[in-house]
Amino acid sequence: MLTKRLEKALNDQMNFEIYSAHIYLAMAGYCAELGLEGFENWFLVQYEEELFHAKKFFKFISSKGGRIIITGFENPENDYPSLLSVYEKSLEHEQLVTSRIYDLMSIAHEEKEYATTSFLQWFIDEQLEEEESVANIISKIKLVKDAGLYLLDQEVAQRTFVPPTGE
Ligand SMILES: [Fe+2]
C-alpha cells in the first residue's frame with residue numbers, strides 16, 4: 001500500500017514524464033523545421049523513451065493499488081535560437097528530472113517503502129545515462145560546428161527505441 005503522499009509524488013512524476021515527452025516532441029519539430037532529419041529522429045526516440053518512463057510509473061502505481069491521476073501541463077517551448085540551445089535545454093531538463101527522482105527516492109526512504117526505492121533505482125541509473133548522452137552531443141555539436149553537422153546528423157539518425165527486456 002502506498003501512502004497518499006507517496007501516491008501523489010509518484011503520480012506527479014508520471015505526469016512530468018509525459019510533459020517531458022511533449023518537450024522532446026516539440027524539439028523534434030524544431031529540428032524538422034531546420035531540415036535536420038537525424039536530430040528530428042533523435043528527439044522522436046527521446047519522446048518515446050519518456051512515454052515509456054511514464055508507462056513504467058503508471059504500471060507501478062497501479063500494481064501497488066494506487067490511483068492513477070492524469071493532469072494537464074504547460075505548453076512546451078517550440079522555438080529555439082539554435083540546435084545547440086535545444087541540447088542545452090535538454091540537459092537542463094534532464095538535470096531537473098534527476099533532482100525530482102532523488103526527491104522521490106528520499107520520500108520512499110523516509111516511509112521505508114522499499115518496493116518503491118527498488119523501482120526508483122532503475123530511474124536513477126537511467127538518468128545517469130540520459131545526462132551523459134545529452135552532454136556528449138553538446139560537446140560534439142561544439143566541436144563539429146556547421147561543417148560537420150551533416151555527418152553528426154547522420155550519426156544520430158541511427159538511434160532506435162529499444163524497450164528494455166522484461167517489459
Ligand atoms: Fe524520463
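Scope of this entry: the structure provided in the associated data block. (Residues numbered from 1 in each chain as written. Predicted model: local features only at pLDDT ≥ 70, side-chain atom pairs only at ≥ 80, totals over all residues. Heavy atoms only, no water.)

### What to know about the environment of Gln-154
So, step 1. The residue Gln-154 is located in helix H4 (residues 114-156) in this model.
So, step 2. Gln-154 gets classed as partly exposed once you look at its relative accessible area, which sits at 38%.
So, step 3. Along the sequence, Gln-154 and Glu-94 sit 60 residues apart, while their C-alpha atoms lie 24 Å from each other. (Helix = DSSP H or I, 4+ residues; strand = E, 2+ residues; numbered from the N terminus. Buried < 20%, exposed > 50% of the residue type's maximum accessible area, 1.4 Å probe, protein only.)

### Structural notes on the packing of aromatic side chains
So, step 1. Under the counting rule described, the total for this entry stands at 15 aromatic pairs.
So, step 2. Ring geometry for Phe-52 versus Phe-161: centroids 5.8 Å apart, planes at 65 degrees, classification edge-to-face. Note that Phe-52 is positioned in helix H2 (residues 37-63) and Phe-161 in the segment after H4, a separation of 109 residues in sequence.
So, step 3. A relative accessible area of 15% means that Phe-52 is categorised as buried.
So, step 4. Residue classification places Phe-161 among the partly exposed residues on the basis of a relative accessible area of 24%.
So, step 5. Grouping aromatic residues by their ring pairs yields a cluster made of Phe-52, Phe-57, Phe-60, Phe-119, Trp-122, Phe-123 and Phe-161.
So, step 6. The ring of Trp-42 has Arg-159 lying over it, and the distance from NZ or CZ to the ring centre is 4.4 Å. (Phe/Tyr/Trp six-rings, centres within 6.5 Å; stacked < 30°, edge-to-face > 60°. Lys NZ or Arg CZ within 6 Å of the ring centre and 35° of its normal.)

### Points about the nonpolar core
So, step 1. Ranked by size, the top nonpolar core spans 45 residues in total, and within it Leu-10, Phe-39, Phe-43, Phe-57, Leu-83 and Tyr-87 carry the most contacts.
So, step 2. Those elements that place two or more of their residues in this core are helix H1 (4-34), H2, helix H3 (83-110) and H4.
So, step 3. Looking at which element gives the most residues to this core, the answer is H1, with 13 residues.
So, step 4. Residue contacts for Leu-83: discarding those within four places in its chain leaves Tyr-30, Cys-31, Leu-36, Phe-39, Ile-141 and Leu-149. (Core = buried A, V, L, I, M, F, W, Y, C linked by side-chain atoms within 4.5 Å. Contact = heavy atoms within 4.5 Å.)

### A short note on the pattern of salt bridges
So, step 1. For the coordinates displayed, the defined rule picks out 7 salt bridges.
So, step 2. Close ionic contact of Glu-7 with Lys-4 constitutes a salt bridge, the shortest N to O distance being 3.1 Å. Residue Glu-7 and its partner Lys-4 are located together in helix H1, separated by 3 residues, close to a single helical turn.
So, step 3. Judged by relative accessible area, which is 65%, Lys-4 ranks as exposed. (Salt bridge = Lys/Arg side-chain N within 4 Å of Asp/Glu carboxyl O.)

By themselves these figures say nothing about function.
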